[in-house]
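Survey of secondary and tertiary structure
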Amino acid sequence: SSMSRTYPTQEWSLHSFDIGRPLGKGKFGRVYMVRTKTTPKYILALKTLYKSELVANKVEKQTRREIEIQQNLRHPHILRLYGFFHDEKRIFLMLEFAGKGELYKQLSKVGSFSEKRSARYIDQMADALIYLHGKHVIHRDIKPENLLLGINGELKIGDFGWSVHAPGLRRMTLCGTLDYLPPEMVEGKEHNEKVDYWALGVLTYEFMIGAPPFEDRGSVNNTYRRIARVDLKFPSTISAEAKDLISKLLQYDPRQRLPLTDVLRHPWIVKYRPKGNNAREG
Ligand SMILES: CC(C)NC(=O)[C@H]1CCC[C@H]1Nc1nc(Nc2ccc(C(=O)N(C)C3CCN(C)CC3)cc2)ncc1C(F)(F)F
């Protein structure tokens, strides 16, 4: 509805910032580290989106929704969107700066994460997803490329380009990797927040093994088939507890997938949770 249109935060413009180093390329434009000219000075990430690119890719509506959703979220493991503004050619998103950068680059650098590091990230992801689902937002695009790391190495969900208010029926043809799609989306069925449970299982697997479970680099169709069949194999190096959690998330039937609150209580997660993070233990 027009009332829900997102309005730019009045007071900001490019002149409000000292532009720092480029942080890399986003989907529709570059991202810069910037500092506000106000005192106190804030360090932010300024993500530029070229309007022409958004139109060419038919993602204006999706982008508006992404801004609307991310602006209303406040959670330690969700990247904050402080505001936005635009000029004739570009939209500028004023985003939280993630001090340790892109998680997928660390993953590809080291190949795979230890079980301890993986469990701590999944603990944080489950916490963020419980918060998101509590607001009836489905993320729908959980994967390493969409995750950033804060200055203390904490995980931050950095992109909401595919998120919707539940339940969703995807109209857009999917682009990018299929590896994280659950069977119900592969089969074009209606889906709900349980698609994020499935993706959390795929993410856990990829953190520890270094590749997603149903990947077939040679054939998209075979990846579809392996997803629809839940053709899941584990290398012997994976602990029984990790296999147990992943198997309980990668269930064909969305209703069978382990609820996120049970993920937080799973032995594999509790075992690696930093001491003092267990309120229940007092
Ligand atoms: C989730 C989304 C899909 N991803 C993105 O948007 C990407 C697209 C480009 C950058 C990133 N976006 C962001 N990145 C940061 N922090 C950051 C990034 C990179 C480095 C880094 O390692 N270098 C500069 C290195 C330093 C060393 N040299 C050698 C290579 C680059 C250090 C800190 N904070 C907020 C954002 C955000 F999201 F707000 F824009």
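Up top is the structure.
Residues numbered from 1 in each chain as written. Predicted model: local features only at pLDDT ≥ 70, side-chain atom pairs only at ≥ 80, totals over all residues. Heavy atoms only, no water.

1. With respect to the overall build of the chain
Counting secondary structure elements, the chain contains 10 helices and nine strands. For the chain, whose C-alpha radius of gyration is 19 Å, the value lies close to the compact-globule estimate of 19 Å for 282 residues. Referenced to the eigenvectors of the C-alpha coordinate spread, the extents of the chain come out at roughly 55 × 45 × 35 Å. Residues classed as buried in the chain amount to 45% of the 282 residues present. The contacts of the chain with a sequence gap of at least 6 include a subset with a gap of at least 24, amounting to 61%. With an accessible surface of roughly 14400 Å², the chain has 52% of that area assigned to carbon and sulfur atoms. (Helix = DSSP H or I, 4+ residues; strand = E, 2+ residues; numbered from the N terminus. Rg over C-alpha atoms; globule rule 2.2 N^0.38 Å. Buried < 20%, exposed > 50% of the residue type's maximum accessible area, 1.4 Å probe, protein only. Contact = heavy atoms within 4.5 Å. Areas by Shrake-Rupley, 256 points an atom, 1.4 Å probe, with all protein chains shown as cover.)

2. Re the nonpolar core
Of all hydrophobic cores here, the largest spans 52 residues; its most connected members are Met 125, Leu 200, Phe 207 and Val 263. With residues up to four places along the chain from it excluded, the contact list for Met 125 reads Ile 142, Leu 147, Leu 155, Ile 157, Leu 200 and Leu 203. Counting residues in hydrophobic clusters, the runner-up holds 15 residues, among them Val 31, Ile 67, Phe 84 and Leu 95. (Core = buried A, V, L, I, M, F, W, Y, C linked by side-chain atoms within 4.5 Å.)

3. Some details on the sheet that holds strand β1 (residues 17-25)
Ordered by their spatial adjacency, five strands build an open sheet running β1-β2-β3-β5-β4, and the pairing between neighbours is antiparallel. With partners counted over all chains shown, the strands left at the sheet margins are β1 and β4 (81-86), one partner each. Adjacent strand axes in the sheet meet at a mean angle of 25° when their direction is disregarded. Pairing geometry for β1 and strand β2 (residues 30-36), over six bridges, is antiparallel. For Lys 25, the partnering residue across the bridge sits in β2 and is Arg 30. The sheet contacts of helix α2 (residues 60-71) involve β3 (43-50), β4 and β5 (90-96), and relative to β4 the element is tilted by about 145°. (Pairing = 2+ DSSP bridges. Axes fitted to C-alpha atoms, helices over the stretch in contact; angles between N-to-C directions.)

4. Quick notes on the pairing of β4
Pairing between β4 and β5: five bridges, direction antiparallel. Its bridge partner being in β5, Gly 83 is matched across the sheet by Met 94. Linking β4 back to β5 in an antiparallel pair, the connection comprises three residues.

5. Some remarks on helix α4 (residues 115-134)
Compared with the 28 Å implied by 1.5 Å per residue over 20 residues, the 28 Å span of α4 between its first and last C-alpha is a close match. In the stretch just after α4, His 136 is the one whose phi turns positive, near 55°. (Expected span 1.5 Å × (residues − 1).)

6. Side note on the site of the ligand
Lining the immediate environment of the ligand, one finds 19 residues, of which Lys 47, Leu 79, Leu 95, Glu 96 and Ala 98 sit closest. The side chain of Lys 47 places a nitrogen or oxygen atom 3.0 Å from an oxygen atom of the ligand. Burial of the ligand by the surrounding chains reaches 73%, relative to a free accessible area of 790 Å². Those elements that place two or more of their residues in the shell around the ligand are β1, β3 and β5. A per-element tally of the shell around the ligand places β1 first, with four residues. Across the shell around the ligand, the residue classes break down as eight nonpolar, four polar and seven charged. (Near = heavy atom within 4 Å. Polar contact = N/O pair within 3.5 Å; in protein donor to acceptor, adjacent residues only side chain to side chain. Nonpolar A, V, L, I, M, F, W, Y, C, P; charged D, E, K, R; others polar.)

7. Quick look at the pattern of salt bridges
The final tally for this structure, using the stated rule, is 18 salt bridges. Put simply, Arg 35 and Asp 18 hold a salt bridge, and the shortest N to O gap is 3.4 Å. One end of the pair, Arg 35, is in strand β2; the other, Asp 18, is in strand β1, with 17 residues separating them in the sequence. In this structure, a network of salt bridges that share partners links the residues Glu 96, Glu 154 and Lys 156. (Salt bridge = Lys/Arg side-chain N within 4 Å of Asp/Glu carboxyl O.)

8. Notes on the packing of helix α6 (residues 194-209) against helix α8 (residues 240-249)
With their axes 8 Å apart at the nearest point, α6 and α8 run at an angle of 150° to one another. Classified by the angle between their axes, α6 and α8 sit roughly antiparallel to one another. When you trace α6 past α8, the crossing you get is left-handed. Residues Tyr 197, Trp 198, Leu 200, Gly 201, Thr 204, Tyr 205 and Met 208 of α6 lie in contact with α8, whose contacting residues are Ala 242, Ile 246 and Leu 249. (Parallel < 35°, antiparallel > 145°, perpendicular 65-115°, else oblique. Left-handed = near helix turned anticlockwise from the far one by under 90°.)

9. Here we look at the packing of aromatic side chains
Tallied over the full model, the rule gives nine aromatic pairs. Considering the side-chain rings of Trp 12 and Phe 17, the 5.5 Å spacing of their centres and the 15° angle between planes classify their relative orientation as stacked. For Trp 12, a relative accessible area of 22% translates into the label partly exposed. Exposure remark for Phe 17: the relative accessible area of 3% places this residue in the buried category. Taken together, a centroid distance of 6.4 Å and an interplanar angle of 85° make the contact between Trp 268 and Tyr 272 edge-to-face. Of the two residues, Trp 268 and Tyr 272 both sit in helix α10 (residues 267-272), four residues apart, roughly one turn of that helix. Its relative accessible area of 0% is what places Trp 268 among the buried residues. Its relative accessible area of 21% is what places Tyr 272 among the partly exposed residues. Members of the aromatic cluster, connected to one another through ring pairs, are Trp 12, Phe 17, Phe 85 and Phe 92. (Phe/Tyr/Trp six-rings, centres within 6.5 Å; stacked < 30°, edge-to-face > 60°.)

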